[in-house]
Amino acid sequence: MDHLDQAPEPQPPQRWAERLVVIEAADEALDGLPAVLWQADGAGLVATLSVADRVARRAESVRYAVVAEAVARGEVAASQAGSVHQWVRERAPGLAGDGLGSVVKAVEVLAKPDHAAFDVAVRAGRVSPAVGLACAREWEALQPRVCEEAAPTVREALIAIGERDGAREVRRLRPALLARYGLDGEFQESQDALAARVALSSGRGDETGMTTYEFTCDPEGAAVLEAAIGPLTRPVPDPVTGEPDPRTVEQRRGRALVESLRRAAQVTSGAGSLAGAKATLVVAMDLDDLKARIGAGTVLTSTVADTLLAPETVRRLACDAQIIPAVLGGPSSVLDWGETQRLFQPAQVKALWLRDRGCTFPGCSAPAAWCDAHHVRHWVDGGPTDLSNATLLCGRHHTIVHRDQLTATIDAGGVSWHAAPEPARWPDTVTGAPGPTRHRNRHRR
């Protein structure tokens, strides 16, 4: 065989001592770097931040791996340290505080065989020790409640969410995982148990006359509450001067709750009827799932958008006139109104709530009820008032899109926002032809 056809011999991995020398050199290179950042242009700052972030994540995984190795081989036990905490604190002062506890606890918990996947994710730098620990805790709660064959999928889902969104979102993933992979009835049973914990304390008054309540509610209660007060919490400018509403968000929400209760009391007593903004809660659910009482419904159009509701809960809510069950696969209203209509009709706006779920501008999480229906191609330029030319934008990003004349492409994959105005390519923007895309925000499901 010709020597050119032979595969190259594998190179031995770099030794620990050689790597340590490189790491120490990197430490020296980082020393004093902030003082010379003024020399970098914008792209240089971005590149530096990206590298620093990768280095920090790698360093965090190495600290975890070092402590785990020291514990496993008995280095900590053989030392004069009174505990693993003390051993680590004396050798890694940068871990003082919560970081120290997270690393030590993660080393202890992730050493269990059933948590091997989370241990590997931390060592690889995919997630921090704190996030790996959160994944393990969630898996301990979920393991007896999910189908055995789904175990690898659930563990990977926890890691993937932790990698992208952190420990908080890992802890919030449980309802979705139970709805999709839980044993029969687990998700409904879980939500029924939460319903039993709904509570409102007696009011505690103070010397000024103010009264404080403590209110705890389940996902269904939160969805109904937000739907009721949402329309009443918008800022209201001064009708005379036009000055912005001086009330804080908390103050507006408090007044909205009182107003909702006042209107409800009027209806109950027969003294009046609900006036003004109407509370509407939209819950989307697959028709087949609704019939079979499986899966979950998804709350739309409020600050608790994407909250999951168990199937029986959705069926019960559908009996309420204030609840709109957006049943996927069922009949719908006419949604395309052509070019003669300037404003999007209510049925179209609700369809956008269902499709976009909120502001489609990259990085924005404003819920659908806070958004405007935006013409991708302006109606005055001949843009049609239909869903192929529509998307949701919050007030701030609606202003930015018009200010910067940003264009977008709408297709089955979502909404793609382009980096620069392209007035000559409006038809391509609407039909979904490829173009230079800067950001993409997929339809949320």
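Computed from a predicted model, the values in this text were never measured in an experiment.

A word on the confidence of the model for the protein. Here the protein shows a mean pLDDT of 80. Residues at 70 or above account for 80%. Ranking the elements of the protein by mean pLDDT puts helix H18 (residues 426-431) last with 37 and helix H6 (residues 116-123) first with 95. Confidence over residues 1-5 falls short of pLDDT 50; this stretch has one contact with residues more than four positions distant or in other chains.

Counting residues in hydrophobic clusters, the biggest one holds 44 residues, and the most contacted among them are Leu110, Phe118, Trp139, Val154 and Leu158. Per-element accounting of this core gives the leading share, seven residues, to helix H7 (residues 129-142). Setting aside its immediate chain neighbours within four residues, Val154 contacts Trp139, Leu142, Leu177 and Tyr181. Membership of the second largest hydrophobic core comes to 25 residues, among which are Ala351, Trp353, Phe361 and Val376.

This brings us to H6. Within the span of H6, buried status applies to Phe118, Asp119, Ala121 and Val122. Within H6, the buried residues cover an arc of 160 degrees as seen down the axis, which keeps them to one side. Its buried side turned inward, H6 meets helix H2 (42-72), H7 and helix H8 (151-165).

Looking now at the side chain of Thr409. Structurally, the position occupied by Thr409 is in strand E11 (residues 408-411). At 2.8 Å, the side chain of Thr409 and the side chain of His418 are in polar contact.

A cluster of like negative charges, contributed by Glu24, Asp27, Glu28 and Asp31, occupies part of the molecular surface. Relative to the helices and strands, Asp31 resides in the loop between helix H1 (16-30) and H2.

With that out of the way, let us pick up unusual backbone geometry. The phi dihedral of Arg357 is positive, around 70 degrees, even though this residue is not glycine. For Arg357, the location among the structural elements is in the loop between helix H16 (346-356) and strand E9 (371-375). For Arg357, a relative accessible area of 9% corresponds to the buried category.

Next up on the list: the pattern of salt bridges. Inspection of the entire model under this criterion finds 18 salt bridges. Residues Glu163 and Arg126 are paired through a salt bridge, measuring 3.1 Å at the closest nitrogen-oxygen approach. One end of the pair, Glu163, is in helix H8; the other, Arg126, is in the loop between H6 and H7, and 37 residues separate them in sequence. In this structure Glu163 comes out as partly exposed when scored by relative accessible area, which is 37%. Given the relative accessible area of 26%, Arg126 is considered partly exposed. In this structure, Arg145 and Glu186 form a salt bridge, with 3.0 Å as the shortest nitrogen-oxygen distance. Placement of Arg145 in the loop between H7 and H8 and of Glu186 in helix H11 (residues 186-195) is noted, with a sequence separation of 41 residues between them. Assessed through its relative accessible area of 15%, Glu186 is described here as buried. What emerges from the salt-bridge pattern is a single network uniting Lys112, Arg137 and Glu140.

To continue, consider the packing of H7 against helix H10 (residues 174-181). Axis separation between H7 and H10 bottoms out at 11 Å; the angle between their running directions is 40 degrees. On the basis of the axis angle, H7 is oblique to H10. In this structure, H7 meets H10 at a crossing whose hand is right-handed. Contacts between H7 and H10 involve Glu138, Ala141 and Leu142 from the former and Arg174, Leu177 and Leu178 from the latter. When its residues are assigned to classes, the contact of H7 with H10 shows four nonpolar, no polar and two charged.

Quick look at a nonpolar patch on the surface now. Together, Val198, Leu200, Tyr213 and Phe215 make up an exposed nonpolar region whose accessible area comes to about 430 Å². Inspection of the secondary structure puts Tyr213 in the loop between strand E3 (211-212) and strand E4 (215-216). Residue Tyr213 is classed as exposed on the basis of its relative accessible area, which comes to 52%.

In the structure shown here, the tally under the stated rule is one aromatic pair. With a centroid separation of 6.0 Å and 45 degrees between ring planes, the pair formed by Phe361 and Trp417 is classed as tilted. With Phe361 in the loop between H16 and E9 and Trp417 in strand E12 (residues 414-418), this pair connects stretches of sequence that are 56 residues apart. No difference in accessibility class separates Phe361 from Trp417, as the two residues are buried.

About the cut-offs
Residues numbered from 1 in each chain as written. Predicted model: local features only at pLDDT ≥ 70, side-chain atom pairs only at ≥ 80, totals over all residues. Heavy atoms only, no water. pLDDT = per-residue confidence, 0-100. Helix = DSSP H or I, 4+ residues; strand = E, 2+ residues; numbered from the N terminus. Contact = heavy atoms within 4.5 Å. Core = buried A, V, L, I, M, F, W, Y, C linked by side-chain atoms within 4.5 Å. Buried < 20%, exposed > 50% of the residue type's maximum accessible area, 1.4 Å probe, protein only. Arc of directions from axis to C-beta. Polar contact = N/O pair within 3.5 Å; in protein donor to acceptor, adjacent residues only side chain to side chain. Patch = residues over 30% accessible without salt bridge, like charges linked within 9 Å, V, L, I, M, F, W, Y side chains within 5 Å. Areas by Shrake-Rupley, 256 points an atom, 1.4 Å probe, with all protein chains shown as cover. Salt bridge = Lys/Arg side-chain N within 4 Å of Asp/Glu carboxyl O. Lys, Arg positive; Asp, Glu negative; His and termini not counted. Charge placed at Lys NZ, Arg CZ, Asp CG, Glu CD. Axes fitted to C-alpha atoms, helices over the stretch in contact; angles between N-to-C directions. Parallel < 35°, antiparallel > 145°, perpendicular 65-115°, else oblique. Left-handed = near helix turned anticlockwise from the far one by under 90°. Nonpolar A, V, L, I, M, F, W, Y, C, P; charged D, E, K, R; others polar. Phe/Tyr/Trp six-rings, centres within 6.5 Å; stacked < 30°, edge-to-face > 60°.

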